[in-house]
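Breakdown of the fold
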Amino acid sequence: MDKPADSQRRDIHHPPREVEPSAEPSYLEHDRSLKGWLLTTDHKRIGILYLFTITFFFGIAAFAAAMMRADLTTPQGDLVISETYNKLFTIHGVLMVWFFLVPSIPAVLGNFLLPLMLGAKDVAFPRINLASWYVFVAAGLFTLYAMVAGGVDTGWTFYTPYSSTYSNGHVISMAMGIFIAGFSSIFTGVNFIATVHKMRAPGLTWGRLPLFVWSLYATSLVMVLATPVLAITMFLVMAERLFGVGIFDPALGGDPILFQHLFWFYSHPAVYIMILPGFGAISEIIATFSRQRVFGYSVVAFSSLAIAGLGFLVWGHHMFVSSQSVYAGLVFSLLSFLVAVPSAIKVFNWTVTMILGRVQFTTPLLYAVGFLGLFTIGGLTGLFLATLAVDVHVHDTYFVVAHFHYIMVGGMVMGYLGGLHLWWPKITGRMYHEWWGRIGATLIFIGFNLTFFPQFLLGYLGMPRRYHTYPEEFQFLNVMSTAGATILGLGYMLPLIYLIFSLWKGEKAPANPWRATGLEWTTPSPPPKHNFEKTPVVDREAYAYED
C-alpha cells in the first residue's frame, strides 16, 4: 500500500513522550531544606540559584531603565537631575552586562543542562561550581553597596581618567564587584571545558554534540581567556584611584587610551560570551520545532569557534575616533566585517532548517523567530559601525545604543527566554500556559522594536547618548521609545507571572513534551538527583529526526 504523499517525502522519528520513572527522587524533592540548597553541589540546583539571582539583578536594571525612559519623555528631563541620570545608566549597564547578560544562559541553562546533554551525573568540578555562585553573590553585594552608598556616574565603560581620578562616586566598590564577578565566570568556563572534554557519554563524539554544547564550549574559551584582562583592568583602575599611580591619567604620565585597549579587548569578546549561548539555544529550538537536523550542522558548530576566535581581533573598532592610527582603524574595520561572516552563516542555516522542516509555531519557536529578525537588524547595523566614515558620524549617539540593544537584548534575551520556555518543563516538571506564552513573546517583540528602532533615527539625526535633556525636535521619537519600553516591560512581566503560576497550577510535564532528541529528554521531568540511573550510550547523530 502506498504511503500518503506527505510521508513519502521522509519519515520523521518521534522520540517517546514518557520514560521509565526513576527510583531516585527528583532533584527538587531530594533534601528540601535551606541547607540542602545553599550547600548543594548538584549542577541543576546551582542553575536554579543562578536563575533567582540574575532575575533579581535584572529587576533592578530594568527599573533603572524605566526611570531613564520616563525622564526622556520630556526634552527638559523633568524627573531626575543630570547626576542621578548618570548614576541610573551606570546601574543599568553594570547590572545588565555583568550580572544578567553574561551569566544568564551559561550559568542558568548551561549549569542545568550541560551534564544532562552529555550523559554525565554532574560537572567536572561540582564544588568549584557552587563556589562560582557564592563568588557571584559576593560580587553582587559589592556592586549593590556602591549603588546604595551613593552610586557611580561613569557608565558601565568606566573610561579613564574620569573613573580613576575625577569621579566622586563609589568607583572602587563597583569596580571590585566586577573584578570579583570575573572569577565566577572563569570558574564556570574552566568547569564547562573540563566537563565537555572528559565527561561525555560513550558514543557522544564531538560530531554528535548538540549545538548548545558547542556554543557553551566556545563561550567558555572566551570566558577563560578574556576575563582575566578585564579583571586586571579593573584592578589597575582601583590602584590608580587609591594610590595615584600614573597608569591611565596623563597628568601622572599615564595613557587613557591604554584603558580603552584593555577594556575593549575583554568587552568585545564579552559580546560573544553573551550572544554565543543564545545561538546555541536557538539551534536547539529550531531543530526541535522544525523536526529537522540543523542544516549544515558542522558549519554551524565551527562558526561558534570562528566567532570566538575572531572576537579577540576586533576591539579596535570601538576606538575609531580616539587617537588610534587610521591604518589600525582600517585593519580593525576589515576584521569587524569578517566576524559578521560566521554569524550570517548561522542565520542562513537556521532559516534553511525551518524551510526544510515541518515548523510548529510554539512559544519557544516564536522567540527564535523574533531572535532571527532582531539579531539580523543588530548585525547589519553593526556593519555600519564597522565602516570608518559612518562610525565617525554616529559614534556615541543613540545609533550605537540601538545597535547594542538589538544584539544583546533583542538577540540574547530572546534566546534566553526561548531556551527557558523550551526547557521549563524539564526544569520544573510543569507545563506553562501556551497561549499566554505566545502573547508574551509577541508583546516583547513589538515592544522591543517600538523602543529601540526610533533610537536608530535619533542617533542618525545626532542625538548623543547619556544626555538627559535634548532639543524639542527629538521629543516625538523619544516618546515613541518610552511607549515601546512600557509595552516591553509588560511583555517581560507576563512570562514571570505565568511561569510562576505554572509551578502550582501547571499541567504535569511528561519526560519529553516536545518529543525532542537529546539525552536531557531521556530523563524524567524534573530529573533525578544523579540524572541517569545508567550511563547512556549514544549511537545516533544529534537531531536524528529522520529515520
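Everything discussed here concerns the structure shown above.
As a convention, each chain's residues are numbered from 1 in the sequence order in which they are written. Reporting in this predicted model follows two pLDDT cut-offs: at least 70 for local features of residues, and 80 or more for side-chain atom pairs to be given and counted; totals over whole chains, interfaces and linings ignore these cut-offs and use all residues. By convention in this description, side-chain values take in all heavy atoms of the structure and omit both hydrogens and water.

1. A look at the overall build of the protein chain
Per the secondary structure count, the protein chain includes 16 helices and zero strands. What you see for the protein chain is a C-alpha radius of gyration of 23 Å, in line with the 24 Å of a compact globule of 547 residues. Referenced to the eigenvectors of the C-alpha coordinate spread, the extents of the protein chain come out at roughly 80 × 50 × 45 Å. Accessibility here uses a 1.4 Å probe with only protein chains present; expressed as a share of the type maximum, an area under 20% marks a residue as buried, one over 50% as exposed, and anything in between as partly exposed. The buried share of the protein chain, taken over its 547 residues, is 58%. The helix count covers DSSP runs of H or I at least four residues long, the strand count covers runs of E at least two residues long, and both are numbered beginning at the N terminus. Note that the radius of gyration is over C-alpha atoms, with the globule rule given as 2.2 Å times the number of residues to the power 0.38.

2. Overview of helix H9 (residues 256–290)
Any helix carries an expected span of 1.5 Å times its number of residues minus one. Taking 1.5 Å per residue, 35 residues should reach 51 Å; H9 reaches 50 Å between its end C-alpha atoms and fits that length. Bend at a given residue is defined as the angle between two axes, one fitted to the seven residues that end at that position and one fitted to the seven that begin there. Maximal helix bending in H9 amounts to about 30°, located at Trp-264. Most of H9 is tucked away: 30 of the 35 residues are buried. The N-capping residue of H9, defined by a side-chain oxygen 2.9 Å from the backbone nitrogen of Ile-257, is Asp-255. Of the residues one or two after H9, Arg-291 is the one with positive phi, at around 50°. Polar contact is defined as a pair of N or O atoms within 3.5 Å, subject to the rule that within protein one atom must be able to donate a hydrogen and the other to accept it, and that residues adjacent in sequence are counted only when both atoms are side-chain atoms.

3. Some thoughts on helix H14 (residues 398–428)
A bend of about 45° at Leu-422 is the largest found in H14, and the proline Pro-425 appears one to four places after it. The buried count for H14 comes to 30 of 31 residues, which makes it a mostly enclosed element. Where H14 terminates, the next one or two residues include Gly-429, which has phi positive at roughly 80°.

4. Looking at the packing of aromatic side chains
Centres within 6.5 Å make a pair out of two Phe, Tyr or Trp rings, where for Trp the six-membered ring is used; the pair is then stacked when the planes are under 30 degrees apart, edge-to-face when over 60, and tilted otherwise. Throughout the structure, instances matching the rule amount to 43 aromatic pairs. Ring plane angle 50° and centroid distance 5.5 Å describe the contact between Trp-214 and Phe-302, whose orientation is recorded as tilted. In this pair, Trp-214 is assigned in helix H8 (residues 211–243) and Phe-302 in helix H10 (residues 297–310), connecting sequence segments 88 residues apart. Relative to Phe-348, the ring of Phe-295 has its centre 6.5 Å away and its plane inclined at 70°; by these criteria the two rings are edge-to-face.

5. Concerning the environment of Leu-141
The residue Leu-141 is located in helix H5 (residues 126–148) in this model. Judged by relative accessible area, which is 54%, Leu-141 ranks as exposed. With 90 residues separating them in the primary sequence, Leu-141 and Ala-231 have C-alpha atoms 17 Å apart.

6. A look at the environment of Arg-208
Along the chain, Arg-208 turns up in the loop between helix H7 (171–198) and H8. With a relative accessible area of 26%, Arg-208 lands in the partly exposed category. Separated by 316 residues in the primary sequence, Arg-208 and Pro-524 place their C-alpha atoms 22 Å from one another. We call two residues in contact when some of their heavy atoms are within 4.5 Å. Beyond its immediate chain neighbours, meaning those up to four positions away, Arg-208 contacts Gly-203, Tyr-297, Val-538, Asp-539, Arg-540, Glu-541 and Ala-542. Within the structure, the side chain of Arg-208 is placed 3.1 Å from the backbone oxygen of Val-538, a separation counted as a polar contact.

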